[in-house]
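Each chain, written out:
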Amino acid sequence: QMQRLLIDSLPPPCKHGFDPFPAGHICDRFVRLYLETFNASSGNNAANAILEAMAAVDKKCPEVLHDSSKMKQILTYFSSVGTQEILNEDGDAARITSAVIVV
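Reference entry: report on the structure contained in this document. From a predicted model like this one, the values you see are computed outputs, not experimental measurements.

Counting across every chain of the model gives 4 aromatic pairs. For the ring pair Tyr34 and Phe38, a centre distance of 6.4 Å and an interplane angle of 5 degrees mean the geometry is stacked. Linking Tyr34 with Phe38, this pair stays in helix 2 (residues 26-41), spanning 4 residues, or about one helical turn. The class of Tyr34 is buried, set by a relative accessible area of 1%. Ring centres of Tyr77 and Phe78 lie 5.0 Å apart, and the angle between their planes is 80 degrees; this geometry places the pair in the edge-to-face category. In this structure an aromatic cluster arises from ring pairing among Phe21, Tyr34, Phe38, Tyr77 and Phe78.

Now for the packing of helix 2 against helix 5 (residues 68-87). One way to put it is that helix 2 packs onto helix 5 with a least axis distance of 10 Å and a crossing angle of 50 degrees. It follows from the interaxial angle that helix 2 and helix 5 lie oblique. Once helix 2 is placed against helix 5, the crossing between them reads as right-handed. Each of Ile26, Cys27, Phe30, Val31, Tyr34 and Leu35 in helix 2 lies in contact with helix 5, whose residues at this interface are Lys70, Met71, Gln73, Ile74, Tyr77 and Phe78. Residue composition of the contact of helix 2 with helix 5, grouped by class: 10 nonpolar, 1 polar and 1 charged.

Another aspect to go through is the packing of helix 2 against helix 3 (residues 46-60). Remark: helix 2 packs on helix 3, axes separated minimally by 8 Å, with the N-to-C direction vectors making an angle of 145 degrees. In terms of crossing hand, the pair formed by helix 2 and helix 3 is right-handed. On the side of helix 2, the interface is formed by Phe30, Leu33, Tyr34, Thr37, Phe38 and Ser41, while helix 3 contributes Ala46, Ala49, Ile50, Glu52, Ala53, Met54, Ala56, Val57 and Lys60. The residue inventory of the contact of helix 2 with helix 3, partitioned by class, reads 11 nonpolar, 2 polar and 2 charged.

Criteria and thresholds
Residues numbered from 1 in each chain as written. Predicted model: local features only at pLDDT ≥ 70, side-chain atom pairs only at ≥ 80, totals over all residues. Heavy atoms only, no water. Phe/Tyr/Trp six-rings, centres within 6.5 Å; stacked < 30°, edge-to-face > 60°. Helix = DSSP H or I, 4+ residues; strand = E, 2+ residues; numbered from the N terminus. Buried < 20%, exposed > 50% of the residue type's maximum accessible area, 1.4 Å probe, protein only. Axes fitted to C-alpha atoms, helices over the stretch in contact; angles between N-to-C directions. Parallel < 35°, antiparallel > 145°, perpendicular 65-115°, else oblique. Left-handed = near helix turned anticlockwise from the far one by under 90°. Contact = heavy atoms within 4.5 Å. Nonpolar A, V, L, I, M, F, W, Y, C, P; charged D, E, K, R; others polar.

As C-alpha cells, this is what we get:
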C-alpha cells in the first residue's frame, strides 16, 4: 500500500512544454493523419515520407497548415516528442522528428 501511495503521488511525466490536445481536436487529427501517412510511407525514404505526409494533411487539414497558432501547437508537439527521443538516446528517431519541424 505504501508503494501505491508513492506511485500515486508522483508528478505527471514531463511533456517538455507541450499541452496535449483534447481527443478529436483538429490538431490531434492533423498529427494522427501526419503520423499514419508518414509511417505508411516510411518504407521508401524519410524525405519522401515527410512530403507524402505533408500532402495528406494539406489536403485534409488545410485550416491547420494556414493557421499559425495551430501550427505552433503542432510544432510544440513534435518538439516535445523529439526532446523525449533525445533523452531516450534515440538519435535516429530524434532526427526524423526534427525533420518534421523544419518542413
